[in-house]
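# Fold and geometry: a report
Here is how the chains run, residue by residue.
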Amino acid sequence: MTDQILTETRDGITTITMNRADKKNALTLAMYDGIVDALKTAEADPTVRVVVITGAGSAFTSGNDLIDFMQNPPDLAGDSPVSRFLAAITTFPKVLIAAVNGIAVGVGMTMLLHCDLVYAADTAKLSMPFTALGLVPEAASSLIVPAMIGHRKAAELFLFGDQIEAARAAELGFVNEVVPADALMAHVEAKAKRLTALAPSALRLTKQLMKSSSREVAERMKEEGAIFGAQLRSPEVAEAIGAFLAKRKPDFSQFAA
Ligand code: COA
């Protein structure tokens, strides 16, 4: 397993930490596989009742590693580390808590839709800048977000892709609670601890009942994956990622609408 994913299990709680702080925890293919392995281990371990996912340093995650995107475009509609990660996170049967300690970009924000509880530092900022990258939403976010907040608010988030503050994310329902940054992990630990004292099969069955739309989610992820994959190979994405790497603004004026 990559050392860019750390796992620690204590008192029935597994904590998975995305650990690539110098790159704002941008997710590489190996890191997606590392999270999948950690989730599988936690699922199989009867002593683990709750899983917490968080980021090392100042970021939760800046999303997919953009260099990986260019060099190894993932097959989101088929088998790839990203699709395995999305499948694992959307079907994980035990309670999954996100501790959003800082910036959450792209899949860093959309993965929250599949966590049962989300606690965010007051300094956290969330964004889904897919269009600015020439991309489209993933993780069934194109289905879940409009259903959650309505088309117009979803359009604002997806079409502009602007960052929102943790407090706004809580208002919209992406986040349960916003906590002072230095109190976040203690707060999450206390919540996780309460859950470890509850009846485990009741927790699992309650989650299962709430996730009754999972087939629809899987179908939408496949649909998004096919479009996302095609866009990844498009000149728009080449321009967007080239601009990011060159630390300049992308110029989409050359492309037909
Ligand atoms: N993929 C690859 N590298 C990334 C990255 C990503 N998604 N996000 C950040 N990095 C790298 C930066 O290139 C930089 O590397 P360098 O030190 O070698 O120059 C380093 O991480 C630190 O990032 P930096 O941009 O200096 O930090 P910041 O605090 O000014 O900004 C972000 C943080 C997350 C707002 C900014 O890095 C960003 O917009 N990243 C891209 C996010 C993105 O588009 N993700 C994909 C969504 S689908």
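Everything quoted here is computed from the prediction, not taken from an experiment. Here the residue numbering is sequential within each chain, running from 1 through the sequence in written order. Thresholds applied to this predicted model are a pLDDT of at least 70 for local features of residues and 80 or more for the giving and counting of side-chain atom pairs; totals over whole chains, interfaces and linings are not thresholded and use all residues. No hydrogens and no water enter the side-chain calculation; it runs on all heavy atoms of the structure.

### Structural notes on the site of the ligand
For the record, the criterion: Proximity criterion: a residue is near a molecule or strand once any of its heavy atoms comes within 4 Å of it. Side-chain atoms alone can form a polar contact between residues adjacent in sequence; in general such a contact is a pair of N or O atoms within 3.5 Å, and within protein one must be able to donate a hydrogen while the other accepts it. We get accessible surface area from the Shrake-Rupley algorithm with a probe of 1.4 Å; when it comes to residues, only the shown protein chains can shield them. Using a 1 Å grid laid over the protein atoms alone, points where a 1.4 Å probe fits but cannot get out form a cavity; open sets with protein on both sides within 12 Å along at least 5 of 7 lines form a pocket; any residue with an atom within 4 Å of a point counts as lining. The way we define it, a molecule is inside a pocket or cavity when more than half of its atoms are within 2 Å of that pocket's grid points. Put simply, Ala, Val, Leu, Ile, Met, Phe, Trp, Tyr, Cys and Pro go in the nonpolar bin, Asp, Glu, Lys and Arg in the charged bin, and everything else, Gly too, in the polar bin.
As a structural note, the neighbourhood of the ligand is formed by 15 residues, with K23, S62, N64, L66 and K247 the closest of them. Here an oxygen atom of the ligand and a side-chain polar atom of K247 are 3.0 Å apart. Protein contacts shield 67% of the accessible area of the ligand, which totals 860 Å² for the unbound molecule. Judged by its atoms lying within 2 Å of the grid points, the ligand is housed in the largest pocket. Of the residues contributing to the shell around the ligand, the split by class is 7 nonpolar, 3 polar and 5 charged.

### Observations concerning the sheet that holds strand β4 (residues 59-61)
The line we're drawing: Strands were regarded as paired on the criterion that DSSP finds at least two bridges between them. A helix here means a DSSP run of H or I that spans at least four residues, while a strand means a run of E at least two residues long, and both kinds are numbered starting from the N terminus.
Ordered by their spatial adjacency, 4 strands build an open sheet running β4-β6-β8-β9, and the pairing between neighbours is mixed. Each of the sheet's edge strands pairs with one partner strand only, and the pair in question is β4 and β9 (164-165). Two strands pair when backbone bridges link them, and strand β8 (residues 125-127) and β9 are joined in this way by 2 bridges, in the antiparallel orientation. Looking at β9, one finds that K125 is bridged to E165.

### Regarding the layout of surface pockets
To find leftover empty space, one rolls a probe the size of a water molecule over the atoms. Operational definition: Grid points are joined across faces, edges and corners, and a volume is the space filled by probe spheres set on the points.
Looking at the largest pocket, its volume works out to about 860 Å³. In terms of lining, the largest pocket is formed by 33 residues, of which the most central are S62, L66, V105, L133 and F244. At the level of elements, α2 (66-71), β6 (103-105) and α11 (235-245) are the ones that each hand at least two residues to the lining of the largest pocket. Residues of the lining of the largest pocket, tallied by class, amount to 21 nonpolar, 4 polar and 8 charged. By volume, the second largest pocket amounts to about 600 Å³. What lines the second largest pocket is a set of 26 residues, and nearest its centre among them are L113, C115, D116, M210 and K211. Of all the elements in the fold, those that place two or more residues in the lining of the second largest pocket are β7 (117-121), α5 (141-149), α9 (200-210) and α10 (214-232). Of all the elements, α9 adds the most residues to the lining of the second largest pocket, at 5 residues. Residues of the lining of the second largest pocket, tallied by class, amount to 16 nonpolar, 7 polar and 3 charged.

### Some words on α11
For clarity, the threshold we go by: Exposure is judged per residue with a 1.4 Å probe applied to protein chains only, and the accessible area is read against the type maximum: over 50% gives exposed, under 20% gives buried, and values in between give partly exposed. By the convention used here, residues are in contact when the closest approach between their heavy atoms is within 4.5 Å.
Taken as a whole, α11 has its buried residues at V237, E239, A240, I241 and A243. Where α11 is buried, its residues touch α2 and α10. Positive phi shows up at K247, right after α11, with a value of about 55°.

### Details of the side chain of T17
Along the chain, T17 turns up in strand β2 (residues 13-18). Once residues lying within four places of it in the same chain are set aside, the contact partners of T17 are Q4, I5, L6, T54, G55 and A56.

### Comments concerning the sheet that holds β2
Defined as follows: Helix axes are fitted only over the stretch in contact, all axes being lines through C-alpha atoms; the angle between N-to-C directions runs from 0 to 180 degrees.
Taken in spatial order, the 6 strands make up an open sheet running β1-β2-β3-β5-β7-β10, and their pairing is mixed. Each having just a single partner strand, β1 (5-10) and β10 (177-179) make up the two edges of the open sheet. Neighbour to neighbour, the strand axes of the sheet diverge by 20° on average, direction disregarded. Both β1 and β2 contribute to a ladder of 6 bridges, which runs antiparallel.

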